[in-house]
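The lines below spell out each chain.
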Amino acid sequence: QVQLVESGGGLVQPGGSLRLSCAASGSISGIYNMGWYRQAPGKERELVASITRSGGTNYADSVKGRFTISRDNTKNTVYLQMNSLEPEDTAVYYCSAVSFLNSVYWGQGTQVTVSS
């Protein structure tokens, strides 16, 4: 089992920045991929960014150039640096982890609101 705890959400004005953190605990040695998803009201959950154990990254087209995902394996933590935030980025952001056995784990979510 893997437990994920997100932090760092909040209210920010358009053009502002936030950094989300996701701390993993439990059977973390079995994790090979971690990522961030988001779900806006009335919309499906979508992938924002993901990072492999070796550091390979993948981004949704809508956030390329604005968001950066990174991980600190010594702290078992993955980060999402979000710059140039837009109202369309408003959503609940979820951390996810995928194990080598293809089990998927989710955090509880953190709200990000971009509004003036």
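Our structure is the block above this text.
This is a predicted model, so every value here is computed, not measured.

Counting 30 residues, the largest nonpolar core has Leu-4, Met-34, Trp-36, Leu-80, Met-82 and Tyr-93 as its most contacted members. Looking at this core, the elements with two or more residues in it are β1 (2–7), β3 (18–26), β4 (31–39), β5 (46–52), β7 (67–72), β8 (77–82), β9 (91–99) and β11 (110–114). Other than its neighbours up to four places away in sequence, Leu-4 contacts Cys-22, Ala-23, Ala-24, Met-34, Cys-95, Ser-96, Ala-97, Tyr-105, Trp-106, Gly-107 and Gln-108.

Another aspect to go through is the sheet that holds β7. Spatial strand order, β1-β3-β8-β7: four strands in an open sheet with antiparallel pairing. The open sheet terminates on both sides in strands that have one partner only, identified here as β1 and β7. Between one strand and the next, the sheet's axes are offset by a mean angle of 15°, whatever the strand orientation.

So, on to the packing of aromatic side chains. The tally for this structure, following the rule as stated, stands at two aromatic pairs. Judged by centre distance (5.4 Å) and plane angle (35°), the rings of Tyr-32 and Phe-100 are tilted. Taken together, the positions of Tyr-32 in strand β4 and Phe-100 in the loop between β9 and β10 (104–106) put the pair 68 residues apart, joining distant regions of the chain. Pairing Tyr-37 with Trp-106 gives two aromatic rings, centres 5.0 Å apart and planes at 70°, and the pair type is edge-to-face.

The next point concerns the side chain of Ser-21. Looking at the secondary structure, you find Ser-21 in strand β3. With near-sequence residues (within four places) excluded, Ser-21 lies in contact with Val-5, Glu-6, Ser-7, Trp-36, Thr-77, Val-78 and Tyr-79.

Quick look at the pairing of β8 now. The side chains of a regular strand alternate between both faces of the sheet. Burial runs high along β8: five of the six residues are buried. With six bridges connecting them, β3 and β8 associate as antiparallel partners. Bridged to Ser-21 within β8 is Tyr-79. Turn length for the β7-β8 hairpin, with the two strands adjacent in sequence and antiparallel, is four residues, and the turn residue Asn-76 shows positive phi of about 55°.

Bringing the pairing of β1 into the picture now. The alternating pattern of β1 places Val-2, Leu-4 and Glu-6 on a buried face and Gln-3, Val-5 and Ser-7 on a face that is not buried. Pairing analysis gives six bridges linking β1 to β3, with the strands arranged antiparallel. The residue bridging Ser-7 from the neighbouring strand is Ser-21, located in β3.

Our focus in this paragraph is the pattern of salt bridges. This structure, assessed with the given rule, holds five salt bridges. Note that Asp-61 and Lys-64 form a salt bridge whose closest N and O atoms lie 3.1 Å from each other. Residue Asp-89 is joined to Arg-66 by a salt bridge in which the shortest nitrogen-to-oxygen separation is 2.8 Å. With a gap of 23 residues between them, Asp-89 in the loop between β8 and β9 and Arg-66 in the loop between β6 (57–59) and β7 connect regions that are remote in the sequence. Note on accessibility: Asp-89 and Arg-66 belong to one class, buried. Ionic contacts of the salt-bridge type, sharing partners, join the residues Arg-38, Glu-46, Arg-66, Glu-86 and Asp-89 into one network.

Parameters at a glance
Residue numbers run consecutively from 1 along every chain, following the written order of its sequence. Given that this is a predicted model, residues contribute local features only at a pLDDT of at least 70 and side-chain atom pairs are listed and counted only at 80 or more, while totals for whole chains, interfaces and linings are drawn from all residues. Computation of side-chain values: all heavy atoms of the structure, hydrogens and water removed. Take the buried Ala, Val, Leu, Ile, Met, Phe, Trp, Tyr and Cys residues and link them wherever side-chain atoms come within 4.5 Å; each set so joined is a nonpolar core. Relative accessibility decides the category of a residue: with a 1.4 Å probe and only protein chains considered, values under 20% of the type maximum give buried, values over 50% give exposed, and everything between is partly exposed. Only DSSP runs of H or I with at least four residues qualify as helices, and only runs of E with at least two residues qualify as strands; both kinds are numbered from the N terminus onward. Whether two residues are in contact is decided by their heavy atoms, any of which lying within 4.5 Å being enough. Two strands pair under a simple rule: DSSP has to find at least two bridges between them. Each axis is a line fitted through C-alpha atoms, taken for helices only over the stretch in contact, and angles between the N-to-C directions span 0 to 180 degrees. Within 6.5 Å between ring centres, the rings of Phe, Tyr and Trp (the latter by its six-membered ring) count as paired, and their orientation is classed by plane angle as stacked under 30 degrees, edge-to-face over 60, tilted in between. The salt bridge criterion pairs a side-chain nitrogen of Lys or Arg with a carboxyl oxygen of Asp or Glu, the two atoms within 4 Å.

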